[in-house]
Amino acid sequence: FDEENLDGVESSVDLGSGASFGLELGMYRDRQSYYQLLYSTQKADIDSRDPLLDGIELRIDYLQFGGTAFFPQDSDHYVPYLSLTLGATIMQPDDDEYDSETKFSGSIGGGFRFPLSENFAMNLGVRGYLTLLDSDTRLFCKSDADGAECLVQSSGSTFFQAEALLGLTFRF
């Protein structure tokens, strides 16, 4: 993202890192794959040198639908998997005066499932989210009696985030 200060000078704005939490519901298609509904959320600070953006935090929610395919190996100790999803990214500043943004997104993830029993497993993986943005569009805007302003401007047509995953699976 970019931002423009009061002097009209543009500078780059990044998002800080933070913990993410999620929930995935799946319905098995067969023994090697399942359909999934994925929700993931993260709070991240806006990292800028502009004091007006100091302390503003974004909540980023992903709501996605897709599937996961397993690639069984000769070993019973782990099963590699690949996930693909499509859905929406909802970005909301913690200051309620600014509008939230909802954009189309997708994700790709992969990792390993470690079966602990017939119904329980541990998952270890990574997932990348790609959100589509309109180039050079102002985001998180507000308007009131004092005028209109936006927090940032998109500097490209995509927004990418990645997360490392550690989770438990319960199958019934």
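Up top is the structure these notes are about.
An account of the accompanying structure is given in this report. None of these values were measured; they are calculated from a predicted model.

Observations regarding unusual backbone geometry
Thinking step 1. Of note in this structure, F140 is not a glycine but carries a positive phi near 60°.
Thinking step 2. Within the secondary structure, F140 is located in strand β10 (residues 138-144).

Overview of the state of the cysteines
Thinking step 1. Scanning the model with the defined rule gives one disulfide in all.
Thinking step 2. The disulfide partner of C141 is C150, and the gap between their sulfur atoms is 1.9 Å. One disulfide, between C141 and C150, carries an S-S torsion of 100° and so falls in the right-handed class.
Thinking step 3. Owing to a relative accessible area of 26%, C150 belongs among the partly exposed residues under this scheme.

Some details on the nonpolar core
Generally speaking, a soluble globular protein has its nonpolar side chains buried in company with each other.
Thinking step 1. One finds L53, F140, L151 and V152 to be the most contacted residues of the largest nonpolar core, which totals 17 residues.
Thinking step 2. Those elements giving two or more residues to this core turn out to be β5 (33-47), β6 (57-70), β10 and β11 (147-153).
Thinking step 3. Those residues in contact with F140 that lie beyond four places of it in its chain are L58, M91, P93, Y98, D99, E101, E149, C150, L151 and V152.

Some remarks on a nonpolar patch on the surface
Thinking step 1. There is a patch of nonpolar side chains on the surface, built from L23, L25, M27, Y35, L37, Y39, L63 and F65 and spanning about 810 Å² of accessible area.
Thinking step 2. Breaking the nonpolar patch down by element, the ones donating at least two residues are β4 (20-30), β5 and β6.
Thinking step 3. Take L25: it is sitting in strand β4.
Thinking step 4. Overall, the relative accessible area of 52% leaves L25 in the exposed class.

Focus: the pattern of salt bridges
Oppositely charged side chains may form a pair once their charged atoms are brought near each other.
Thinking step 1. Per the stated rule, a full pass over the model turns up five salt bridges.
Thinking step 2. When the shortest N-O distance is used, the salt bridge between R29 and D30 registers 2.8 Å.
Thinking step 3. Relative accessible area serves as the criterion here: at 54%, R29 is assigned to the exposed category.
Thinking step 4. Note on D30: relative accessible area 32%, which makes it partly exposed.

Considerations on the packing of aromatic side chains
Thinking step 1. Scanning the model with the defined rule gives eight aromatic pairs in all.
Thinking step 2. Centre to centre, the rings of Y62 and Y129 are 3.8 Å apart; their planes meet at 10°, and the pair counts as stacked. Remark: Y129 occurs in strand β9 (residues 120-132) and Y62 occurs in strand β6; sequence separation between them is 67 residues. Pair check on accessibility: Y62 and Y129 agree, each one buried.

Some details on the pairing of β11
Thinking step 1. Relative to β11, β10 runs antiparallel, the two sharing six bridges. Bridge assignment links S143 to a residue of β11, and that residue is A148.
Thinking step 2. Hairpin connection from β10 to β11: two residues lie between these consecutive antiparallel strands.

Structural notes on the pairing of strand β7 (residues 79-93)
Thinking step 1. Where β6 meets β7, 13 bridges bridge the pair, whose relative direction is antiparallel. Bridge assignment links A69 to a residue of β7, and that residue is L82.
Thinking step 2. Sheet topology places β7 next to strand β8 (residues 101-115); 13 bridges connect them, and they run antiparallel. Of the residues in β8, the one forming a bridge with P80 is F112.

What counts and how
- Residues numbered from 1 in each chain as written.
- Predicted model: local features only at pLDDT ≥ 70, side-chain atom pairs only at ≥ 80, totals over all residues.
- Heavy atoms only, no water.
- Helix = DSSP H or I, 4+ residues; strand = E, 2+ residues; numbered from the N terminus.
- Disulfide = S-S within 2.5 Å.
- Buried < 20%, exposed > 50% of the residue type's maximum accessible area, 1.4 Å probe, protein only.
- Core = buried A, V, L, I, M, F, W, Y, C linked by side-chain atoms within 4.5 Å.
- Contact = heavy atoms within 4.5 Å.
- Patch = residues over 30% accessible without salt bridge, like charges linked within 9 Å, V, L, I, M, F, W, Y side chains within 5 Å.
- Areas by Shrake-Rupley, 256 points an atom, 1.4 Å probe, with all protein chains shown as cover.
- Salt bridge = Lys/Arg side-chain N within 4 Å of Asp/Glu carboxyl O.
- Phe/Tyr/Trp six-rings, centres within 6.5 Å; stacked < 30°, edge-to-face > 60°.
- Pairing = 2+ DSSP bridges.

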